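The lines below spell out each chain.
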Amino acid sequence: MARESTSVVVVGAGPAGLTVGNLLRRCGISCVVLERQPPARVMGRQRAGVVEYRAVRMFEEWGLADRLIGDAPSDEILEIRVDGNSRLLGQDEGNASRRMILCPQQVFVRRSIEVFLAEGGDLRFEVADVALDGLDTGRPAVTYRDGAGVRHEIDCEFIAGCDGDHGISRASVPAGVLSVYAYDHGIAWLSVLADAPPPQHPLLAVSPYGFAGHFARGPQTSRFYLQCGLTDQVPDWPDERVWQQVRARLGAADLPTGPITDREVFRLRSVVYDPMAYGRLLLLGDAAHIIAPLGGKGMNLALHDAEVFVRAIRGVVRDGDHTALQSYSRDCLRRVWNYQEFSRWLTETLHDAGDDSQVGPFRRQLARARLDRLSNSPSAAQAFADLLAGLA
Ligand code: FAS
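Please read all numbers here as calculations on a predicted model, not as lab measurements.

Conventions and cut-offs
- Residues numbered from 1 in each chain as written.
- Predicted model: local features only at pLDDT ≥ 70, side-chain atom pairs only at ≥ 80, totals over all residues.
- Heavy atoms only, no water.
- Salt bridge = Lys/Arg side-chain N within 4 Å of Asp/Glu carboxyl O.
- Helix = DSSP H or I, 4+ residues; strand = E, 2+ residues; numbered from the N terminus.
- Buried < 20%, exposed > 50% of the residue type's maximum accessible area, 1.4 Å probe, protein only.
- Pairing = 2+ DSSP bridges.
- Contact = heavy atoms within 4.5 Å.
- Axes fitted to C-alpha atoms, helices over the stretch in contact; angles between N-to-C directions.
- Polar contact = N/O pair within 3.5 Å; in protein donor to acceptor, adjacent residues only side chain to side chain.
- Core = buried A, V, L, I, M, F, W, Y, C linked by side-chain atoms within 4.5 Å.
- Near = heavy atom within 4 Å.
- Areas by Shrake-Rupley, 256 points an atom, 1.4 Å probe, with all protein chains shown as cover.

### Re the pattern of salt bridges
Move 1: On inspection of all chains with the given rule, the structure shows 24 salt bridges.
Move 2: Residues D71 and R111 are paired through a salt bridge, measuring 2.9 Å at the closest nitrogen-oxygen approach. With D71 in the loop between helix 4 (65–69) and strand 4 (74–75) and R111 in helix 5 (residues 105–118), this pair connects stretches of sequence that are 40 residues apart.
Move 3: Classification of R111 by relative accessible area gives buried; the value is 16%.

If you want it as structure tokens, here you go:
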């Protein structure tokens, strides 16, 4: 058993874990990042696509924006298309431009790894059998087996559980400690990745055929989301049906298509675990919460948690001040619930306003009134823009 010490062990090298690693290094606090997958798998995961304005500002403050998201395209417009009629939501001229960066998650993760390693970061891929011990002591330890089968033990001051929804961190918290707030939106989506030209702006479409979304995931790559039946499976959606429905729902009969490289059906669900900490283990990102994709907040919540975590650890390790550590969970959950409410509001509005077969005409009219308010009321539009930017 190889034994070593560090200040923080980070379990998981996704957006949360890598941002923790990069910010800790900026604070001069030692850490080891453990990742169970090989580099290619981690850097190839195509998921989120937007770094919200708040996170952009965060990376600017930490001196990392140029290297992580510097040359990625940006936008401050979101297009909502109702029965083929476009409404552009964004900043009015009176506001400083608050641009969201259209940076595919896999690009962000790859650059985060490059920055971390270039600055001497300790990132270990393909680890196995990670186990967390002594969480309720002042000196927890993480054990794992490396690619050569050698067992390692790292004792540390804190563990950052950044290993996603199916990781070992949350599973290491004793039963009964965490309150679980789970919600099934009663909606299923077909998610399609295609080598097709991206939209001019992130696009959300309401139609009698159901919801559709169209997002950039690279210069020639698009992510499409299509509301589908709750019992649908991928075989129910051959290419021809995908493109026929995408064109009908976007109101774009001549939308250019392309080879579909990935497709999956999933149910929209949300879950929050409270508190986001147990002893010296703090949970971050998808290990602590899952949010529906509308609003583009999943990865951005992980980035927010990472900064709150690092500020808390810096307080303890550098200044002996535990104040931020004690409020870590409360400080993260305040934003988590605010974003959960925004994502649920947007999900309900964009689905009720279209295919009302499940919710009925009264809820359909309510949803359409909400969309009209976004277009006709400057204060409603501003509140929406603030949430989209991560400033509310
Ligand atoms: P991640 O899941 O990204 O990373 C966890 C890491 O931990 C992984 O690399 C994993 O291999 C590793 N790990 C797991 N167990 C381990 C163990 N025992 N030991 C060591 N390592 C371990 N969000 C948006 O904002 N917009 C979107 O459009 C969007 N689309 C999505 C589409 C899909 C299909 C999915 C699944 C998610 C989507 N998300 C979206 C949400 C997604 O981006 C997450 O919020 C984000 O990846 C969270 O980052 P992390 O918390 O770092 O977790």
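### Re the sheet that holds strand 13 (residues 179–194)
Move 1: With mixed pairing, the eight strands of this open sheet are ordered in space as 6-5-14-15-16-13-17-20. The open sheet is flanked by strand 6 (85–90) and strand 20 (289–290), the only strands paired with a single partner.
Move 2: In this sheet, strand 15 (residues 212–218) lies alongside strand 14 (residues 203–206) in antiparallel orientation, the contact comprising three bridges. In the strand pairing of strand 15, A205 is matched with A212.
Move 3: Along the sheet face, helix 6 (residues 239–250) touches strand 5 (77–82), strand 13, strand 14, strand 15, strand 16 (221–228) and strand 17 (260–274) and points at about 85 degrees away from the line of strand 16.

### Digging into the side chain of S207
Move 1: Relative to the helices and strands, S207 is located in the loop between strand 14 and strand 15.
Move 2: Relative accessible area serves as the criterion here: at 2%, S207 is assigned to the buried category.
Move 3: A polar atom in the side chain of S207 sits 3.0 Å from the backbone nitrogen of Y209.
Move 4: There is a polar contact of 2.9 Å between the side chain of S207 and the backbone oxygen of G210.
Move 5: For S207, the contacting residues outside a window of four places in its chain are D83, R249, G354 and D355.

### Things to note about the nonpolar core
Most often, soluble globular proteins keep nonpolar side chains buried together rather than apart.
Move 1: In terms of nonpolar packing, the biggest core is built from 81 residues, with V8, V20, I69 and F309 touching the most fellow members.
Move 2: The element that contributes the greatest number of residues to this core is helix 7 (residues 298–319), accounting for eleven residues.
Move 3: For I69, the contacting residues outside a window of four places in its chain are V51, V56, F59, I101, C103, F108 and R111.

### Some points on helix 3 (residues 53–61)
Move 1: Those residues of helix 3 that fall on the buried side of the exposure criterion are Y53, R54, A55, V56, M58 and F59.
Move 2: Following helix 3 by one or two positions, G63 adopts a phi angle in the positive range, close to 70 degrees.

### Describing the site of the ligand
Move 1: Taken together, 30 residues surround the ligand, and among them A16, E35, R45, Q105 and D286 come closest.
Move 2: Interatomic distance of 3.2 Å between a backbone N/O atom of P15 and an oxygen atom of the ligand.
Move 3: Between the ligand and R217, the relevant distance is 3.0 Å, taken from an oxygen atom to a side-chain nitrogen or oxygen of the residue.
Move 4: Against a free-state accessible area of 1,000 Å², the protein chains account for coverage of 89% of the ligand.
Move 5: Residue assignment for the shell around the ligand shows that the elements contributing at least two residues are helix 1 (15–27) and helix 7.
Move 6: Per-element accounting of the shell around the ligand gives the leading share, three residues, to helix 7.

### Some points on the sheet that holds strand 3 (residues 31–34)
Move 1: Spatial ordering of the open sheet is given by 8-3-2-12-19-18, a layout of six strands whose pairing is mixed. In this open sheet, the two strands that pair with only one neighbour each are strand 8 (122–124) and strand 18 (277–278).
Move 2: Examined bridge by bridge, strand 12 (residues 158–161) and strand 19 (residues 281–283) share three bridges and lie parallel to one another. Bridge assignment links I159 to a residue of strand 19, and that residue is L281.
Move 3: Each of strand 2 (8–11), strand 12 and strand 19 touches helix 7; the most contacted strand, strand 12, lies at about 180 degrees to it.

### Considering the environment of R25
Move 1: Within the fold, R25 resides in helix 1.
Move 2: As for R25 and R45, which are separated by 20 residues in sequence, their C-alpha atoms are 25 Å apart.
Move 3: Ignoring any residue separated from it by four or fewer positions in sequence, one finds R25 in contact with F116, E119, G120 and G121.

### A few points about unusual backbone geometry
Move 1: Note the cis peptide between D274 and P275, where omega equals 0 degrees.
Move 2: When you line up the elements, P275 lands in the loop between strand 17 and strand 18.
Move 3: We note that E126 has phi near 55 degrees; this positive angle belongs to a residue other than glycine.
Move 4: By the element assignment, E126 lies in the loop between strand 8 and strand 9 (128–133).
Move 5: Take E126: its relative accessible area is 45%, and that puts it in the partly exposed class.
Move 6: One non-glycine residue, D129, lies in the positive phi region at around 55 degrees.

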